[in-house]
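Listed here are the chains, written in short residue letters.
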Amino acid sequence: MTTTDTDSTAAKSPTGEELLSVTGLVKHFPIRRGVLQRQTGAVQAVDGLDFTVTKGETFSLVGESGCGKTTTGRLLTRLLEPTAGKIVFEGRDITHMSEGKIRPLRKDVQMIFQDPYGSLNPRHTVGKIVGAPYKLQHVKTEGGTKKAVQELLELVGLSPEHYNRYPHEFSGGQRQRIGIARTLALRPKLIVADEPVSALDVSIQAQVVNLLEDLQNEFDLTYVMIAHDLSVVRHVSDRVAVMYLGKIVEIADRVDLYETPMHPYTLALLSAVPIPDTKRRARQERIRLQGDVPSPINPPPACRFHTRCWKAQDICKTVEPPLLQLAPGHQTACHFPENQPGGDAPKTGTAG
Amino acid sequence: MVQGVGKIEGRSLWQISWIRLKRDKVALAGGAVVLLLILVATFAPLICKIIGVTPNDFHQDLIDPSLQTPIGKWNGISADHPFGIEPVNGRDIFARIVYGARISLLIAFLATLLSVGIGTVAGVVAGYFGGWVDSLISRLMDIFLAFPLVLFALALVGAVPDQLLGLKGDSLRVALIVFIIGFFSWPYIGRIIRGQTLSLREREFVDAARSLGARRPYILFTELLPNLIAPILVYATLLIPTNVLFEAGLSYLGVGVRPPTASWGDMLSIAANWYQVAPLYMVPPGLAIFITVLAFNLFGDGLRDALDPRSR
Ligand SMILES: Nc1ncnc2c1ncn2[C@@H]1O[C@H](COP(=O)(O)OP(=O)(O)OP(=O)(O)O)[C@@H](O)[C@H]1O
Ligand code: SF4
Ligand SMILES: [Mg+2]
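## Comments concerning the packing of helix 3 (residues 126-136) of chain A against helix 4 (residues 144-155) of chain A
All names here are of chain A.
Now for step 1: Look at helix 3 against helix 4: their axes get within 9 Å of each other, and the N-to-C directions meet at 110 degrees. When the axis of helix 3 is compared with that of helix 4, the two are roughly perpendicular. Residue-level contacts link Val126, Gly127, Val130, Gly131 and Tyr134 of helix 3 to Thr145, Ala148, Val149, Leu152 and Leu153 of helix 4.
Now for step 2: A breakdown of the residues in the contact of helix 3 with helix 4 according to their chemical character gives seven nonpolar, three polar and no charged.

## Re the layout of surface pockets
Now for step 1: Put simply, the largest pocket is a space of about 870 Å³.
Now for step 2: Every residue lining the largest pocket is counted, 28 residues in all, and those nearest its centre are Arg74, Leu79 and Leu80 of chain A together with Arg201 and Arg210 of chain B.
Now for step 3: Secondary structure elements with two or more residues in the lining of the largest pocket: strand 1 (18-33) and helix 1 (69-76) of chain A together with helix 8 (204-211) and helix 9 (216-252) of chain B.
Now for step 4: Ranked by the residues each element gives to the lining of the largest pocket, the list is headed by helix 8 of chain B, at four residues.
Now for step 5: Here the residues of the lining of the largest pocket sort into 10 nonpolar, three polar and 15 charged.

## A few points about the interface of chain A and chain B
Now for step 1: Between chain A and chain B, the residue contacts involve 32 residues of the former and 29 residues of the latter.
Now for step 2: Counting the surface lost from both chain A and chain B, the interface buries some 2,900 Å², and carbon and sulfur atoms represent 52% of this.
Now for step 3: The largest contributions to the chain A side of the interface with chain B come from Arg123, Leu136 and His168 of chain A, which together make up 25% of the buried area.
Now for step 4: In this structure, the connection of chain A to chain B is made through one salt bridge.
Now for step 5: For arginine 74 of chain A, the salt bridge identified is with aspartate 207 of chain B, shortest N-O distance 2.5 Å.
Now for step 6: Our enumeration of links across chain A and chain B arrives at 12 residue pairs in polar contact (both at pLDDT 80 or more).

## Here we look at the site of ligand 2
Now for step 1: Looking at ligand 2, there are 13 residues lining it, with Cys303, Cys309, Cys316, Cys334 and His335 of chain A nearest.
Now for step 2: The residue inventory of the shell around ligand 2, partitioned by class, reads nine nonpolar, three polar and one charged.

## Points about the site of ligand 1
Residues and elements named next belong to chain A.
Now for step 1: Within the structure, ligand 1 sits among 14 residues, and Ser65, Gly66, Lys69, Thr70 and Thr71 are positioned closest to it.
Now for step 2: Interatomic distance of 2.5 Å between a side-chain N/O atom of threonine 71 and an oxygen atom of ligand 1.
Now for step 3: Glutamate 195 is positioned with one of its side-chain polar atoms (N or O) 3.0 Å from an oxygen atom of ligand 1.
Now for step 4: Protein contact buries 63% of the 630 Å² of open area that ligand 1 shows by itself.
Now for step 5: If you list the elements that add at least two residues to the shell around ligand 1, you get strand 2 (38-54) and helix 1.
Now for step 6: Among the elements that make up the shell around ligand 1, the one with the highest residue count is helix 1 (three residues).
Now for step 7: In the shell around ligand 1, the residues fall into five nonpolar, six polar and three charged.

## So, the coordination of the magnesium ion (ligand 3)
Residue and element names in this part refer to chain A.
Now for step 1: For the magnesium ion (ligand 3), every protein donor is listed as Thr70 (OG1) and Gln114 (OE1), and the spread of their distances is 1.8 to 2.4 Å. Linking threonine 70 in helix 1 with glutamine 114 in the loop between strand 6 (109-112) and helix 3, this pair joins segments that are 44 residues apart in sequence.
Now for step 2: Note on glutamine 114: relative accessible area 28%, which makes it partly exposed.

## As for the pairing of strand 4 (residues 84-89) of chain A
Successive side chains on a regular strand alternate, one facing one side of the sheet and the next facing the other.
Residue and element names in this part refer to chain A.
Now for step 1: Where strand 1 lies against strand 4, five bridges are found, and the strand directions are antiparallel. Residue pairing across strands places threonine 23 opposite lysine 86, the latter belonging to strand 4.
Now for step 2: By the bridge criterion, two bridges tie strand 4 to strand 5 (residues 92-93) in an arrangement that is antiparallel. The partner of valine 88 across the bridge, within strand 5, is aspartate 93.
Now for step 3: Here strand 4 folds back onto strand 5, and the loop between the two strands holds two residues, one of which, glutamate 90, carries a positive phi near 50 degrees.

## Comments concerning the nonpolar core
Residues and elements named next belong to chain A.
Now for step 1: In terms of nonpolar packing, the biggest core is built from 55 residues, with Val130, Ile178, Ile180, Leu184 and Leu230 touching the most fellow members.
Now for step 2: In terms of residue count, the dominant contributor to this core is helix 6 (residues 202-219) (five residues).
Now for step 3: By size, the runner-up hydrophobic cluster in this structure holds 35 residues, among which are Ile87, Leu105, Ala241 and Leu323.

What counts, and where the lines are drawn
- Residues numbered from 1 in each chain as written.
- Chains lettered and ligands numbered in written order.
- Predicted model: local features only at pLDDT ≥ 70, side-chain atom pairs only at ≥ 80, totals over all residues.
- Heavy atoms only, no water.
- Axes fitted to C-alpha atoms, helices over the stretch in contact; angles between N-to-C directions.
- Helix = DSSP H or I, 4+ residues; strand = E, 2+ residues; numbered from the N terminus.
- Parallel < 35°, antiparallel > 145°, perpendicular 65-115°, else oblique.
- Contact = heavy atoms within 4.5 Å.
- Nonpolar A, V, L, I, M, F, W, Y, C, P; charged D, E, K, R; others polar.
- 1 Å grid on protein atoms, 1.4 Å probe; cavity = no way out; pocket = protein on both sides within 12 Å on 5 of 7 lines; lining within 4 Å.
- Points joined across faces, edges and corners; volume = space filled by probe spheres on them.
- Buried area = accessible area lost by both parts, 1.4 Å probe.
- Salt bridge = Lys/Arg side-chain N within 4 Å of Asp/Glu carboxyl O.
- Polar contact = N/O pair within 3.5 Å; in protein donor to acceptor, adjacent residues only side chain to side chain.
- Near = heavy atom within 4 Å.
- Areas by Shrake-Rupley, 256 points an atom, 1.4 Å probe, with all protein chains shown as cover.
- Donors = N, O, S within 2.8 Å, 3.2 Å for Na, K, Ca; no water.
- Buried < 20%, exposed > 50% of the residue type's maximum accessible area, 1.4 Å probe, protein only.
- Pairing = 2+ DSSP bridges.
- Core = buried A, V, L, I, M, F, W, Y, C linked by side-chain atoms within 4.5 Å.

Written out as structure tokens, the structure is:
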């Protein structure tokens, strides 16, 4: 099911060079019990992801809390080792690469963390935090590390005089900027931004998002942007993947996803987003999902969304819907997708 | 506290803790007493010389020959003997308290150092590496904590020859007691450090370092350890009074330093024999132990409040 190349509506063409490709990515966290630490089960945090990220684009991963977004990010940066599947970065298979081998490659893939309070060591000065990448990767810079760090601080909108300050002296937004400065130090190619603004005040969120966009243009960055709702990434994404309980249920170009969502779960997520487009607001009521997200320890069989889906039929409980390309550049995993190009006729096909 | 505007140097968490500690009068008082005790112990000979007392000289002329107790009220307090004198042989109590502080603090400090050393290494290793290493160390801590320490001390000190590893007399005794207390109380601090390491290891700044290619030693020493120094300091301060009590207990049972070397526990045990005829003899060593333990605890508690980042 590789994406066939048809010119889509996206501004950046998907024909660009492929930077990252993920196939069948799985991460299960074993649950061990008792004195013997025998495995009694597993948290199926990520359960079979397929996607590619093109150079220069912003690929967003969106889903509710606990659906495995952070785990995916940590797999991509190889802070975690996948249980199964394959991660290829710039043509190199990094899935099970040893720490020693991957160390030099870490320069190219960096992560912005979810919690700006936890991601900076409280005992280190800003200078030490932002300078750590140079030290750890033995990178020499013209004019020394201090100068380089101060330039980075200016780049992210902080003052070079903050060099000797400590993280606790900064606000959440400023801390996130410090974190961003650290990820930029080594001029990475790919940045995984794990909910970079969700811990921040709404008033500051836009500033940080704009900063990320500016930096992308300046340094040719590729982003995997993680978010828990569709509103935050609306304006920055090129493509969006919607996750539910460890699986991707829909991938589409931004415009397609927001205008013609196909998966019922995407619809539900979108209905919670304030829509500026009045036409659609009139047409669409807020969809309230029944019940809670099921546990990833024991997820529902077949379509994992069937316990909460208003369109669920028997087939949804027995046959897992594959992630199929139903429109150019638009993949959905649902037996009865919405907004199909050929009308709303229910698709009865089974997994192929 | 004036907050400068503009170009001020960053204030580290240490500086903030210090500011907080300075506001805690109780902790400061405890700290002052601790400092005083350390000075007294360090300069014991000088202090005794100035006052004109000695710890081991007998003053039997001041003892009532029939009762064997000091002549006069309050243990025979006088200008020559500010805290009075002991029953039977009439040694000066002040000098013995001052010299006793040396033994007490020396043993408590060294034992604390030993247990903090072992406990920190064990706790960090268990917490950081996890898995079977953690299980092994944690079980080991359980075993050490279940050990009947006092019985062991009694047996060991009784069995050890007068000379060992080039040590003899008081130094051998001190070394033995330090070893016993330190070697068996490390699990207390080990558990705390293990817990702290476990929670620190999950913090995102550790992931950030790893994603930059940091090796284990960097993570341990540069990322984790600076965050562990505060708890180590606090629990070391709180372990000292426990060890003071422990040492006193051991001397009381007769396995401390040998007479005539002065120790508070030994003085208490003599006093216990005399409580019917000279009940006041119990007061100086008892108070000395009480004040020392209290001062360290007050200071340690204040230190904990000042260093605890959660109360920020
Ligand atoms: N180290 C781990 N061990 C066991 N379970 C884990 C571990 N890390 C994550 N999980 C579990 O995996 C699931 C997915 O977690 P993850 O952090 O990836 O979710 P998320 O989508 O990032 O959620 P949030 O929006 O809350 O950050 C959760 O159920 C979580 O409890
Ligand atoms: S497959 Fe069935 S249950 Fe799953 S989302 Fe589609 S309609 Fe709903
Ligand atoms: Mg997360």
